[in-house]
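# Structure at a glance
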Amino acid sequence: LNTVCWLVESSQQVSVLFVNYKGRPWMKGLLENQPLFLSIFISVIMVGICAWGAIPWLNEILNLVVVPQALRVHVMITLLLSLIGSFIWDRLVLMIFAPEIFKCYAEQAKATTFMDFWPLVKTVGMVLGGLIFLGAGNPIMWGVAFMIYRNYRSSQQQQGQAAAGATPAGQAQGGAKKKA
């Protein structure tokens, strides 16, 4: 019973964050706020992992028991319906009582493209790559990865300087001419 209560409470907290974060046009959108989006996503995944008992030592640390198979599916469906239902109810209330705000949300949702997800995909890829890299335990790979990272950073800095209109080092500043 305590495990189910913890799972429900955790999913409800995630649901409250997800539904009540209003995003654009008043503040950063959920896709632009990477820390919030990733924490919500990871929280949902962790609730599922804890319910399924996929990582036994994690359940032991949290003092959770594995939810029985017959109850597990019902609990997860209930949690998912609660999250989706809360979101739909919030948008329905907005549509009825604040149609102008609902219209703004609908326009923002229609304007979302795959490229809006790309920074999140890139961040998750870097984190997963880093975890795989650290799990490999190969010092030679660590050196290669550091060199790749250093080259990536220097190219980013060069692009930033070019975009800012800065002149590369070694060139004359302020249009001064050399004497012959």
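Here, the structure is the one placed above.
In what follows, the accompanying structure is described. A quick note: this is a predicted structure, and the numbers were derived from the prediction, not measured.

Conventions used here
- Residues numbered from 1 in each chain as written.
- Predicted model: local features only at pLDDT ≥ 70, side-chain atom pairs only at ≥ 80, totals over all residues.
- Heavy atoms only, no water.
- Helix = DSSP H or I, 4+ residues; strand = E, 2+ residues; numbered from the N terminus.
- Buried < 20%, exposed > 50% of the residue type's maximum accessible area, 1.4 Å probe, protein only.
- Phe/Tyr/Trp six-rings, centres within 6.5 Å; stacked < 30°, edge-to-face > 60°.
- Lys NZ or Arg CZ within 6 Å of the ring centre and 35° of its normal.
- Salt bridge = Lys/Arg side-chain N within 4 Å of Asp/Glu carboxyl O.

We now examine the environment of Met 141. Summarising the element assignment, Met 141 is placed in helix H7 (residues 139-164). Classification of Met 141 by relative accessible area gives partly exposed; the value is 43%. Met 141 sits 46 residues away from Met 95 along the chain, and the two C-alpha atoms are 54 Å apart.

Scanning the entire structure with this criterion turns up two aromatic pairs. Judged by centre distance (5.3 Å) and plane angle (35°), the rings of Phe 18 and Phe 87 are tilted. Of this pair, Phe 18 sits in helix H1 (residues 2-20) while Phe 87 is found in helix H4 (residues 69-97), placing the two residues 69 residues apart along the sequence. Note on Phe 87: relative accessible area 28%, which makes it partly exposed. Considering the side-chain rings of Phe 114 and Trp 118, the 6.3 Å spacing of their centres and the 50° angle between planes classify their relative orientation as tilted. Of this pair, Phe 114 and Trp 118 both sit in helix H6 (residues 114-136), four residues apart, which is roughly one turn of the helix. We note Arg 91 situated over the ring of Tyr 105; from NZ or CZ to the ring centre the distance is 4.7 Å.

Our next topic: the pattern of salt bridges. Considering all chains together, one arrives at one salt bridge under this definition. A salt bridge links Arg 91 to Asp 90; the shortest N-O distance between them is 2.3 Å. Asp 90 carries the same exposure label as Arg 91, and that label is buried.

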